[in-house]
Amino acid sequence: MASVQIRDVQKYFGGTQVIRGVNIDIKDGEFAVLVGPSGCGKSTLLRMLAGLEEITHGDILIGDKVVNNVQPKERDIAMVFQNYALYPHMTVYDNMAFSLILARSDKAVIKQRVDKASEVLGLGSLLQRYPRQLSGGQRQRVAMGRAIVRDPQVFLFDEPLSNLDAKLRVQMRAEIKALHQRLRTTSVYVTHDQIEAMTMADQIVVMHDGIVEQHGKPLHIYDH
Ligand code: ADP
Ligand code: ADP
C-alpha cells in the first residue's frame, strides 16, 4: 500500500490544455473515485498515474517517490480496464499467471499468488476454462485477478464496469468494494456514473473540464 499524491498536474495535447492544475491526495489504503462527465480528463489523469501518458507539468508521487519519469512497468501499480483484455487462447489460470511468468517469478510464488487471487475472487472452479467460456462478470473477475496477483501498491480502475448490464454492475460494485475491504490496497477508480462513485468511494473527486471541482467524502459531496 502507498499514498498517491497529484501535485499541480497539467497536461497539454498539442496546444490544448486538458488537465489544468490538479491536486489530489489519496491516503494509504483509501478508495478514491474520480467522477465527471465524458471528456473532463479522468482517463488522462489515470493514464498519467500509470505512466502511460507524460505529464506536461507538476508531480505525481506514489508513496514518497516522485514517479514522473518512472516507466509503467517499474511503477508498483496494476490497472483494470473496461475491455477485459484477457488472452483468448489462455486458461483463466494462465491469464492470471502470465505477467508473473514474464517477470520470471518463482513458480511456487506464482501458484501461491494465483491461488490466493482465485480464492478471493471465487474463481477456484474456473481455472481451466478459457475466456470465451466465461460470463461477463467472471471475465471481469479474471481481469481483476490479473491485477491482484501482482500484489501492487496501487490499483487503477478505468471504468471497469461500463460494459456490463445494470444488474451485474450493481453486483460487481459490491464485489470490488468487498475486495478492497479485504486487501486495503490504495485504489483510484474512474467512472462517469455518480451512483457508482457514491456507493464505492472513501473519497470522491469530482472533475469538470480539466480541474477538480469538489472533493471529499461521498455524503459531503452530493448531500446538498
Ligand atoms: P474522460 O476520461 O473524462 O472522458 P479524457 O481524459 O479521455 O476524458 O479526455 C480529456 C480531454 O482530452 C478530451 O477533450 C479528449 O478529447 C482529450 N484527449 C484525450 N486523449 C487525447 C489525445 N491522445 N490527443 C488529443 N486529445 C486527447
Ligand atoms: P508444468 O510444470 O507441467 O509446466 P504448470 O505449473 O505450468 O505445469 O501448469 C500446467 C497447467 O496446469 C497450466 O497451464 C495451468 O493451466 C494449470 N495449473 C497449474 N497450476 C494450477 C493450479 N493451482 N490450479 C489450477 N490449474 C493449474
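Up top you'll find the structure we're talking about.
Let us look at the structure shown here.

Rules of the game
- Residues numbered from 1 in each chain as written.
- Chains lettered and ligands numbered in written order.
- Predicted model: local features only at pLDDT ≥ 70, side-chain atom pairs only at ≥ 80, totals over all residues.
- Heavy atoms only, no water.
- Helix = DSSP H or I, 4+ residues; strand = E, 2+ residues; numbered from the N terminus.
- Expected span 1.5 Å × (residues − 1).
- Buried < 20%, exposed > 50% of the residue type's maximum accessible area, 1.4 Å probe, protein only.
- Arc of directions from axis to C-beta.
- Contact = heavy atoms within 4.5 Å.
- Pairing = 2+ DSSP bridges.
- Axes fitted to C-alpha atoms, helices over the stretch in contact; angles between N-to-C directions.
- Near = heavy atom within 4 Å.
- Polar contact = N/O pair within 3.5 Å; in protein donor to acceptor, adjacent residues only side chain to side chain.
- Areas by Shrake-Rupley, 256 points an atom, 1.4 Å probe, with all protein chains shown as cover.
- Nonpolar A, V, L, I, M, F, W, Y, C, P; charged D, E, K, R; others polar.
- Parallel < 35°, antiparallel > 145°, perpendicular 65-115°, else oblique.
- Left-handed = near helix turned anticlockwise from the far one by under 90°.

Attention shifts here to helix α3 (residues 107-121). Between its terminal C-alpha atoms α3 stretches 21 Å, which fits the 21 Å expected from 15 residues at 1.5 Å a residue. Those residues of α3 lying buried are Ile110, Val114, Ala117, Ser118, Val120 and Leu121. Along the long axis of α3, the arc covered by the buried residues comes to 160°, so they all point the same way. Away from its buried face by more than 90 degrees, α3 exposes Ala108 and Gln112. Where α3 is buried, its residues meet α2 (92-102), α4 (136-148) and α5 (166-183). Just beyond α3, the residue with positive phi is Gly122, at close to 65°.

With that settled, consider the sheet that holds strand β9 (residues 203-208). Taking strand neighbours across the sheet as the criterion, the six strands line up as β6-β7-β8-β3-β9-β10 in an open arrangement whose pairing is mixed. Each edge of the sheet is formed by a strand with only one pairing partner; in this case those strands are β6 (77-80) and β10 (211-216). Within this sheet the neighbouring strands show an average axis-to-axis angle of 20°, counted without direction. Taken together, the four bridges between β6 and strand β7 (residues 154-158) define a ladder with parallel strand orientation. Bridge assignment links Val80 to a residue of β7, and that residue is Phe157. Its contacts with the sheet put helix α1 (residues 42-50) on β3 (31-35), β6, β7, β8 (186-191) and β9, and the angle it makes with β7 is roughly 150°. Across the sheet, α5 is in contact with β3, β7 and β8; its angle to β3 comes to roughly 145°.

A few words on the site of ligand 1. In the vicinity of ligand 1, the contacting residues are Phe13, Val18, Pro37, Ser38, Gly39, Cys40, Gly41, Lys42, Ser43 and Thr44. In this structure, Gly39 approaches ligand 1 through a main-chain N or O atom, which is 2.7 Å from an oxygen atom. In the complex, the protein chains occlude 55% of the 560 Å² of accessible area that ligand 1 would expose alone. Looking at the shell around ligand 1 element by element, the count peaks at three residues for α1. Taken together, the residues that form the shell around ligand 1 break down as four nonpolar, five polar and one charged.

Taken together, Thr91, Tyr93, Asp94, Lys107, Lys111, Asp115, Leu127 and Gln128 make up the full set of residues adjacent to ligand 2. With respect to ligand 2, the side chain of Lys107 contributes an N or O atom lying 2.6 Å from an oxygen atom. Contact between ligand 2 and Lys111: a nitrogen atom at 2.8 Å from a side-chain N or O atom of the residue. In the complex, the protein chains occlude 47% of the 550 Å² of accessible area that ligand 2 would expose alone. Put simply, the parts of the chain that give the shell around ligand 2 at least two residues each are α2 and α3. By residue number, the principal contributor to the shell around ligand 2 is α3, which donates three residues. In the shell around ligand 2, the residues fall into two nonpolar, two polar and four charged.

A separate point is the packing of α2 against α4. Closest axis-to-axis distance for the α2/α4 pair is 8 Å, and the angle between their directions is 30°. With respect to their mutual orientation, α2 and α4 come out roughly parallel. In the crossing of α2 with α4, the sense of the turn from one axis to the other is right-handed. For the pair formed by α2 and α4, the contact residues are Val92, Asn95 and Met96 on the first element and Val142, Gly145 and Arg146 on the second.

These figures come from the coordinates and say nothing about function on their own.
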